[in-house]
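Reading the structure
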Amino acid sequence: MTANPLISWIDEPAAHLGIRFLRGAERELRTYADLAADARRIAGGLVSSGVGHDDRVVIVEPTGPDFVATLYGVMLAGAIPCPVAPPYLFQNTTLYARHLQAILEVARPALVSTAADLVERLDFKGQVSTAAELAALGGEGEGPQASAALLQFTSGSSGRVKGVRVPVSALAANVAAIGAWLEMGEGDATASWLPVHHDMGLIGCLLTPVTNQRDLWLLEPAEFIRDPARYLACFGAHGATMTAMPPFGPEYILRRVKPEALAGFDFSAWRALIVGAERIDADVLDRFAALMAPAGFRRRALLPAYGLAEATLAVTGLALREEVTTVPVVPQEVRLGEPVTSAGENVPQVVGCGRALVGVGVAVVDEAGEPLPDRHVGQIVVSGTSTAEGYFRRDGSTGPTDDGSTGLTRWRDGTLWTGDAGFLDGGQLFVIGRLGDSMKVRGRTVFAEDVESALVEAGVPRLRAAVLLGSSAAGATGVVLLERPTPEWAAAAAETLRRMTEHASNVVLDVPRRSIARTTSGKPKRAVMWAAYAAGELDGTPVTAATPEAAG
């Protein structure tokens, strides 16, 4: 066996611990001994199929034993796994095919491994095999350690397909840092409904517990959407103690789970609920803690965090047993390089995302890269052992930006400039928003995330709205997309946009349901939708507008 710490568990797999896959009323236990044997067989099949050292293998599998065994089989064979989510229910097949094709063009895989029912749907001219077919080929599969542990694809909020090349050392360092942060020990079990194809679900909720050989409960995202109470049953009755999710998760539980449905639940052993991937609403955390408290859930189990795929995953996280901290920030007074303004009535609260994890460096800098004092807003930069190598390009090279990128996330001399804005306070990071999703208004910086938070305060459902800020022929422009709005939502959106963007040309659009493009963590793909709006290709009808003249 190689010295790769991510797969060392395969040498001595536990026969009494493993992963429980929940599908509907079914529960399938695969022990680590089972998964190790499957991974070895698949590794042998990959080598027999001609997959060589550092070749890429795209894995298009739903959450399940085949995904896990193939992921580790690829690592064991000395190749680089590229996990890709399969199409989900009701997803536009044309858009999915286009997305997958873009990934294949970047990855240029030696082989695609996929579920049997997807083989005929993949437009790939090379080798396509199922996990069962690979396992049946036989052969010895262990190879020298690959130069990268993962090619992590993310379209993110920009919509561009980007393959983040994560070295073995970076992934191992991040997994170790997460384990140390959570004080993961004997008896700890993780439960997750997140997609296993992207950073939070893959690294935080799969690779970390597997590397440490801890029990794991896995549901497909659709299972959580259908019945979040079944996911909650993993805590208490089934013994799970930790999990992670984007802010959409607690908010969805609040919408779907009534207090009476939690009668008989015992959450007293629940130690860690990591919340990250996008702007965190302090009110949602308060209401979630209140809903769960009668069942023994402790507010200190809430762990706001910050991370991104380009930093492998986790960057900062609130320490265990520490209370959530907020800082009031007047959104209309945010200026890059200057201190936040907190004075006023009903000032929105920005949630603290904890301090840097072990081996990670975090700073907030001005445009010249100079560190800013506490509570001064600037760009978040990350360094350290967990930082990924760069973007994998179509020509096989790795660079600080993806091909043709105009995005703000990039590497400079080993330091990751995230493109996110925030500030530090006593070592704790407070994230404000994405610089690429902002606009300048008379020297101030208005963030789309702040406008969306204001819309929610005005009564517009968060998941039915998205804000786009940019520059058009009319100058600085703000757009609110509302999925089938009521007249009250439209009026609130127009007034909120006018108030927060002042002189900009603004429009509110009525768009069809499910037309707001989102990432797997729920973030709106603003760049994609802005491009469609600017090209006149967005399927929406103006319901009300607030021009600079009307605002005056």
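Residues numbered from 1 in each chain as written. Predicted model: local features only at pLDDT ≥ 70, side-chain atom pairs only at ≥ 80, totals over all residues. Heavy atoms only, no water.

Attention now moves to unusual backbone geometry. The residue Ala 277 is not glycine, and still its phi comes out positive at about 95 degrees. As for its placement among the helices and strands, Ala 277 is situated in the loop between strand E12 (272-275) and helix H10 (282-292). Look at Ala 277 and you get partly exposed, because its relative accessible area is 26%. Positive phi is not limited to glycine here, since Asp 413 has a value of about 50 degrees. For Asp 413, the position within the fold is in the loop between strand E22 (410-412) and strand E23 (415-425). (Helix = DSSP H or I, 4+ residues; strand = E, 2+ residues; numbered from the N terminus. Buried < 20%, exposed > 50% of the residue type's maximum accessible area, 1.4 Å probe, protein only.)

In this structure, Ala 131 sits in helix H4 (residues 131-137). Sequence spacing of Ala 131 and Thr 208 is 77 residues, and the spatial spacing of their C-alpha atoms is 23 Å. Not counting the four nearest positions on each side in its chain, Ala 131 is found in contact with Ile 42, Glu 61, Asp 66, Thr 70, Ser 113 and Thr 114. (Contact = heavy atoms within 4.5 Å.)

Our focus in this paragraph is the environment of Tyr 72. Looking at where Tyr 72 falls in the secondary structure, it is placed in helix H2 (residues 65-76). For the pair formed by Tyr 72 and Ile 10, sequence separation is 62 residues and the distance between their alpha carbons is 8.9 Å. Not counting residues up to four positions away in its chain, the partners in contact with Tyr 72 are Leu 6, Ile 7, Trp 9, Ile 10, Ala 39, Leu 207, Val 210 and Thr 211.

On to the sheet that holds strand E3 (residues 56-60). Either a parallel or an antiparallel arrangement is found when strands of a sheet pair, and the pairing is made through backbone hydrogen bonds. What the four strands build is an open sheet, ordered E4-E3-E5-E6; its pairing is parallel. Since the sheet does not close on itself, it has two edges, and those belong to strand E4 (80-84) and strand E6 (127-129), each with one partner. In this sheet, neighbouring strand axes are inclined to one another by 25 degrees on average, regardless of whether the strands run parallel or antiparallel. Bridge count for strand E5 (residues 111-114) against E6 is three bridges, and the pairing is parallel. Looking at the pairing, Leu 111 lines up with Gln 127 of E6. (Pairing = 2+ DSSP bridges. Axes fitted to C-alpha atoms, helices over the stretch in contact; angles between N-to-C directions.)

Along the chain, the position of Asn 174 falls in helix H5 (residues 168-181). From its side chain, Asn 174 meets the backbone oxygen of Ala 314 in a polar contact 3.0 Å long. (Polar contact = N/O pair within 3.5 Å; in protein donor to acceptor, adjacent residues only side chain to side chain.)

Formed by 121 residues in total, the largest nonpolar core has its most connected members in Ile 19, Tyr 72 and Leu 206. Val 84, Val 112, Ala 115 and Phe 392 belong to the second largest nonpolar core, which has 23 residues in total. (Core = buried A, V, L, I, M, F, W, Y, C linked by side-chain atoms within 4.5 Å.)

Turning to the confidence of the model for the protein chain, a few remarks are in order. The pLDDT averaged across the protein chain works out to 91; a share of 95% of its residues lies at or above 70. With pLDDT under 50 throughout, residues 545-552 is counted as low confidence; its partners more than four residues away or in other chains account for 13 contacts. (pLDDT = per-residue confidence, 0-100.)

What follows concerns the environment of Gly 276. By secondary structure assignment, the location of Gly 276 is in the loop between E12 and H10. Along the primary structure Gly 276 and Ala 314 are separated by 38 residues, whereas in three dimensions their C-alpha atoms are 9.3 Å apart. Non-local contacts of Gly 276, meaning those with residues more than four positions away in its chain, are made with Met 200, Met 245, Pro 246, Pro 247 and Ala 305.

Another aspect to go through is helix H12 (residues 487-501). When the terminal C-alpha atoms of H12 are compared, their 21 Å separation across 15 residues agrees well with the 21 Å that a helix rising 1.5 Å per residue should span. Among the residues making up H12, those that are buried are Trp 489, Ala 490, Ala 492, Ala 493, Ala 494, Thr 496, Leu 497, Met 500 and Thr 501. Phi for Glu 502, located one or two positions after H12, is positive at around 50 degrees. (Expected span 1.5 Å × (residues − 1).)

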